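Tertiary structure, described
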Amino acid sequence: VTHIQGSPFICIVSISLIIMKPVHVKKDWSDHALWWEKKKTWLLKTHWTLDKYGIQADARLLFTPQHKLLRLQLPNMKHMKVKVNFSDRVFKAVSDICKTFNIRHPEEASLLRKPRDPKKKKKKLEEAEEAALELEGPLPGLYSKTMTPTYDSRDGSPLSPTTAWFGDSPLSEGNPSILAVSQPISSPDILAKLYKSQSLLDKAKINQGWLDSSRSLMEQDVKENEVLLLRFKYHSFFDLNPKYDAIRVNQLYEQAKWAILLEEIECTEEEMMMFAALQYHINKLSIMSSGNHMNNSEKEVDEVDAALSDLEITLEGGKTSNTLGDITSIPELADYVKVFKPKKLTLKGYKQYWCTFKDITISCYKSKEEAHGTPSLQMNLRGCEVTPDVNISSQKFNIKLLIPVADGMNEIWLRCDAEKPYAHWMAACRLASKGKTMADSSYSLEVQNILSFLKMQHMNPDPQFIAEPAVTNDINSECLVSPRYLKKYKNKQISARILEAHQNVAQMSLIEAKMRFIQAWQSLPEFGITHFLGGKRDELIGITYNRLIRMDASTGDAIKTWRFANMKQWNVNWEIKMVTVEFADEPSLAFICAEVDCKVVHEFIGGYIFLSTRAKDQNESLDEEMFYKLTSGWV
């Protein structure tokens, strides 16, 4: 401890020099700065005086390095030690971490405190488990400043020139693709230890742990060597390109995989088997591709040719229709569809109508002949909630619509007879909920995505693909499905179903399988909803990339939905922890942030609005100041 006497008008840099003067050892002090423990403030403005900072004679200041080691748990559940600037705002610190890991669009990620299990009292045991998963690090900077592909577009593995960015790191020797290659779960015990049944309230409590992006790690009591979770916080993945995003794609795949295995997101039994088949396929190809790339270390890539080739593909784009009709007319749907409007104390009974879908409105008529008259039922889908209810084996193709009205939401169910009409009606409903028509360029892509998602769930045993017993033993089904299904079925039954589902994905490349897994994850009804405890005990507030949802805490059903597109402004009363959101055409929404800092909720709303401003023609740099304006509230 060094006691310093002097004038209150002495500047910070002078104090630093006084501290360093008695130390005769040659040392680089450039990373050191003064930290005021009582006020939790870094004294980084070295030209300021003690008086200007408000520092009194009894103040205790700590002269400490700004860069300290942090133990990060990556989305793949592996731990890595990384040096992070503890004086930077978390948003900047995460940007630097992602740059180190070659992950583009770091604005989608953030740091989450590790939720503590109250049942686990043995801290040493937890630390031993974490140490067993430790990876070598930290990584030096390997971020490609150009947009030249640094990874094989077929399987996502790094090409040999990538070692230039790894430098002298141990990752440049042996296995340079450690972050881009998925590693199979080695034992069902790992899954069993991490798994615990979670209610929506439990999920909401986990979201209390997101760090404040506008404050530094030290300001939030993060200690050196503490474990934090690096996760994709905002479920709005911009410009996801396998050519440049091998590590980003793999870590997104890993986050999706663990969310499904630990039942953090609900899916049907058929969907679970489809996800298991994709995992099995990815695990096999990952092992094969690792071996291939180790043997082909002399492979060279002409960066100029690669860049020109990518530019050509980008400029050409996909095939488009030049017919005049596509420009001057809006596509419509017309078909017999079964419609059900549930009421209390009534059994479910669908009634068949001739339905037309024009613009963003569905009109229902008793018959095709009456289609020119007044409809029996008409629904405007702008701002509605669209949820699939599909079971391939029983040929059930239902669409659940929650349509906003003055006093809440009206529930309507649509039932289609087959996959193809379901895909068209579902795609049209999803677009209409955002205020878009079928003339939008994303409509045909949405239809294709729905059809491919359904196709992957088919169970059609083909004698040509029946696996040998030796192969079925290698499946390790206990690590591919959530523990719930291990209680319901025997391992042999699960393995057989996984092999059946694998037939639908067996021809995919590694990177395609990962992308399909991510797309299927995005298609799940609960995807992208971050839950928070509302003011009332039985209610939750859900935040997604484009809307706010008031939800029933026990069932997860939407009570009322508000779209960001209709938002005028939002305000926070920090004293009573109340968030108020005003809309153009609807009454304002107000809720108390229970058991969570309202800054976390405020940051999610502002963060999603910030992400919605991104455009492909922008450069790679982030507008940090705009992010802080939208999310920090008081900075």
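Every chain begins its residue count from 1, and numbering advances along the sequence as written. Selection of residues for local features in this predicted model requires a pLDDT of at least 70, selection of side-chain atom pairs for listing and counting requires 80 or more, and totals for whole chains, interfaces and linings are taken over all residues. Here the side-chain values reflect all heavy atoms present in the structure, with hydrogen atoms and water set aside.

**Remarks on the nonpolar core**
- What we call a nonpolar core is a set of buried Ala, Val, Leu, Ile, Met, Phe, Trp, Tyr and Cys residues that are connected through their side-chain atoms within 4.5 Å. Type-normalised accessible area, obtained with a 1.4 Å probe on protein chains alone, sets the label of each residue: buried when under 20%, exposed when over 50%, and partly exposed for intermediate values. Among the nonpolar cores identified, the biggest contains 42 residues, and Ile260, Phe275, Met456, Val481, Ile498 and Trp521 are the most heavily contacted of them.
- Looking at this core, the elements that each hand over two or more residues are helix 8 (246-261), helix 9 (269-295), helix 16 (491-502) and helix 17 (510-523).
- At 10 residues, helix 9 tops the list of elements feeding residues into this core.
- By definition in these notes, contact holds between two residues if any of their heavy atoms fall within 4.5 Å. Ignoring sequence-local partners within four residues, the contact set of phenylalanine 275 consists of Ile260, Cys267, Phe517, Ala520, Trp521 and Leu524.
- The next biggest cluster of nonpolar side chains, apart from the first, holds 37 residues, and it includes Phe397, Ala423, Met426 and Ala432. Numbering goes from the N terminus for both helices and strands, where a helix is a DSSP run of H or I of at least four residues and a strand is a run of E of at least two.

**Side note on the sheet that holds strand 2 (residues 41-43)**
- Any two strands with at least two DSSP bridges between them are considered paired. Read from one edge to the other, the open sheet built from 3 strands follows the order 2-1-3, with strand pairing classed as antiparallel. Unpaired on one side and paired on the other, strand 2 and strand 3 (61-65) mark the two borders of the sheet. Across this sheet, the average inter-strand angle for adjacent strands is 40°, counted without regard to direction.
- The sheet contact formed by strand 1 (residues 32-36) and strand 2 spans 3 bridges and is antiparallel. Of the residues in strand 2, the one forming a bridge with tryptophan 35 is tryptophan 42. In this description, a line fitted to the C-alpha atoms serves as the axis of each element, helices being fitted only across the stretch in contact, and the angle between N-to-C directions of two axes falls anywhere from 0 to 180 degrees.

**Things to note about the environment of lysine 45**
- On the secondary structure map, lysine 45 appears in the loop between strand 2 and helix 2 (50-53).
- The partly exposed category is assigned to lysine 45, whose relative accessible area is 43%.
- Sequence separation of lysine 45 and alanine 33 is 12 residues, and the distance between their C-alpha atoms is 9.9 Å.

**Observations regarding the packing of helix 18 (residues 598-611) against helix 19 (residues 624-631)**
- At their nearest, the axes of helix 18 and helix 19 sit 8 Å apart, and the two run at 135° to each other. Between helix 18 and helix 19, the interaxial angle falls into the category oblique. Relative to helix 19, helix 18 is oriented so that their crossing is right-handed. Across from Lys599, His602, Glu603, Gly606, Gly607, Ile609 and Phe610 in helix 18, the residues of helix 19 making contact are Met626, Phe627, Leu630 and Thr631.
- Of the residues that constitute the contact of helix 18 with helix 19, the class distribution is 5 nonpolar, 4 polar and 2 charged. An angle below 35 degrees is treated as roughly parallel, one above 145 as roughly antiparallel, one from 65 to 115 as roughly perpendicular, and anything else as oblique. Crossing handedness is read from the near helix: turned anticlockwise from the far helix by less than a right angle, it gives a left-handed crossing, and turned clockwise, a right-handed one. Residue type decides the class: Asp, Glu, Lys and Arg count as charged, Ala, Val, Leu, Ile, Met, Phe, Trp, Tyr, Cys and Pro as nonpolar, and the leftover types, Gly among them, as polar.

**Things to note about the pattern of salt bridges**
- Salt bridges are defined by distance alone: a side-chain nitrogen of Lys or Arg within 4 Å of a carboxyl oxygen of Asp or Glu. Applying the stated criterion to the full structure yields 27 salt bridges.
- Across the pair glutamate 586 and lysine 560 runs a salt bridge whose closest N-O atoms are separated by 3.7 Å. With glutamate 586 in the loop between strand 21 (578-583) and strand 22 (589-592) and lysine 560 in strand 19 (residues 558-563), this residue pair connects regions lying 26 residues apart in the sequence.
- Within this structure, Arg104, Glu107, Glu108, Asp239, Asp245, Arg248 and Arg614 form a network of salt bridges that share partners.

**Some details on helix 12 (residues 419-433)**
- By definition here, a helix of n residues has an expected span of 1.5 Å times n minus one. Compared with an ideal rise of 1.5 Å per residue, which puts 15 residues at 21 Å, helix 12 spans 21 Å between its outermost C-alpha atoms and is within 8% of the ideal.
- In terms of burial, helix 12 is a largely internal element, 12 of the 15 residues being buried.
- Those residues of helix 12 not exposed but buried are Glu419, Tyr422, Ala423, Trp425, Met426, Ala427, Ala428, Cys429, Arg430, Leu431, Ala432 and Ser433.
- Glycine 435 lies just past helix 12 and shows a positive phi near 85°.

**A look at the sheet that holds strand 17 (residues 539-543)**
- The strand order across the open sheet built from 4 strands is 16-17-18-19, with neighbouring strands paired in antiparallel fashion. Unpaired on one side and paired on the other, strand 16 (530-533) and strand 19 mark the two borders of the sheet. Averaged over all pairs of adjacent strands, the angle between their axes in this sheet comes to 25°, without regard to strand direction.

**A short note on unusual backbone geometry**
- The residue methionine 77 is not glycine, and still its phi comes out positive at about 75°.
- Mapped onto the elements, methionine 77 comes out in the loop between strand 4 (67-73) and strand 5 (79-85).
- The phi angle at asparagine 476 is positive, at roughly 55°, despite the residue not being glycine.
- You can see asparagine 476 is positioned in the loop between helix 14 (469-473) and helix 15 (483-488).
- On the basis of relative accessible area, asparagine 476 is assigned to the partly exposed category, the value being 33%.

**Remarks on empty space enclosed by the protein**
- Points on a 1 Å grid, built from protein atoms alone, make a cavity when a 1.4 Å probe fits but cannot get out and make a pocket when they are open with protein on both sides within 12 Å along at least 5 of 7 lines; residues with an atom within 4 Å of a point are the lining residues. Grid points are joined across faces, edges and corners, and a volume is the space filled by probe spheres set on the points. Applying the stated rule across the entire model yields 4 cavities of 30 Å³ or more.
- Size it by volume and the largest cavity reaches roughly 60 Å³.
- Together, Val90, Phe91, Val94, Glu107, Ala109, Ser110, Ser213, Lys233, Tyr234, Glu603 and Phe627 line the largest cavity.
- Looking at the lining of the largest cavity, the elements with two or more residues in it are helix 3 (90-100) and strand 6 (109-113).
- Of all the elements, helix 3 adds the most residues to the lining of the largest cavity, at 3 residues.
- Partitioning the lining of the largest cavity into residue classes produces 6 nonpolar, 2 polar and 3 charged.

**Here's the deal with the packing of aromatic side chains**
- Note on aromatic pairs: the rings of Phe, Tyr and Trp (six-membered ring only in Trp) are paired at centre separations within 6.5 Å, and the planes decide the class, stacked below 30 degrees, edge-to-face beyond 60, tilted for the rest. Applying the stated criterion to the full structure yields 21 aromatic pairs.
- Centroid distance phenylalanine 91 to phenylalanine 627: 4.1 Å. Interplanar angle 20°. Geometry classified as stacked. Within this pair, whereas phenylalanine 91 is found in helix 3, its partner phenylalanine 627 is found in helix 19, the two being separated by 536 residues in sequence. We note that phenylalanine 91, like phenylalanine 627, is buried.
- Their ring planes at 40° and their centres at 5.9 Å tell us that phenylalanine 397 and tyrosine 422 sit as a pair that is tilted. Pair noted here: phenylalanine 397 is in strand 14 (residues 396-405) and tyrosine 422 is in helix 12, with a separation of 25 residues, a long-range link. The same class applies to phenylalanine 397 and to tyrosine 422, which are both buried.
- Among the aromatic residues, those joined into a ring-pair cluster are Trp210, Tyr234, Phe532, Phe604 and Tyr608.
- We count a charge as sitting over a ring when the NZ of a lysine or the CZ of an arginine lies within 6 Å of the ring centre and within 35 degrees of the ring normal. Arginine 89 extends its terminal NZ or CZ atom over the ring of tyrosine 628, reaching a point 3.9 Å from the ring centre.
- We note arginine 415 situated over the ring of tyrosine 350; from NZ or CZ to the ring centre the distance is 4.2 Å.

**Quick notes on the pairing of strand 8 (residues 227-232)**
- Among the 6 residues that make up strand 8, 6 are buried, leaving the element largely enclosed by the rest of the structure.
- Side chains Val227, Leu229 and Arg231 of strand 8 all project onto a buried face; the interleaved residues Leu228, Leu230 and Phe232 project onto the opposite face, where all are buried too.
- Pairing geometry for strand 4 and strand 8, over 3 bridges, is parallel. Across the sheet, the residue bridging to arginine 71 is valine 227, located in strand 8.
- In this structure, strand 6 lies alongside strand 8, joined through 5 bridges in antiparallel fashion. Within strand 8, the residue paired with alanine 109 across the bridge is phenylalanine 232.

**Focus: helix 16**
- A rise of 1.5 Å per residue sets the reference length of helix 16, with its 12 residues, at 16 Å; its end C-alpha atoms lie 16 Å apart and thus fit the reference within 8%.
- Taken together, the buried positions of helix 16 are Ile494, Ser495, Ile498, Leu499, Ala501 and His502. Mapping the buried residues of helix 16 onto a view down its axis gives an arc of 160°, with all of them on the same face. The arc in question is the one spanned by the directions pointing from the helix axis to the C-beta atoms.

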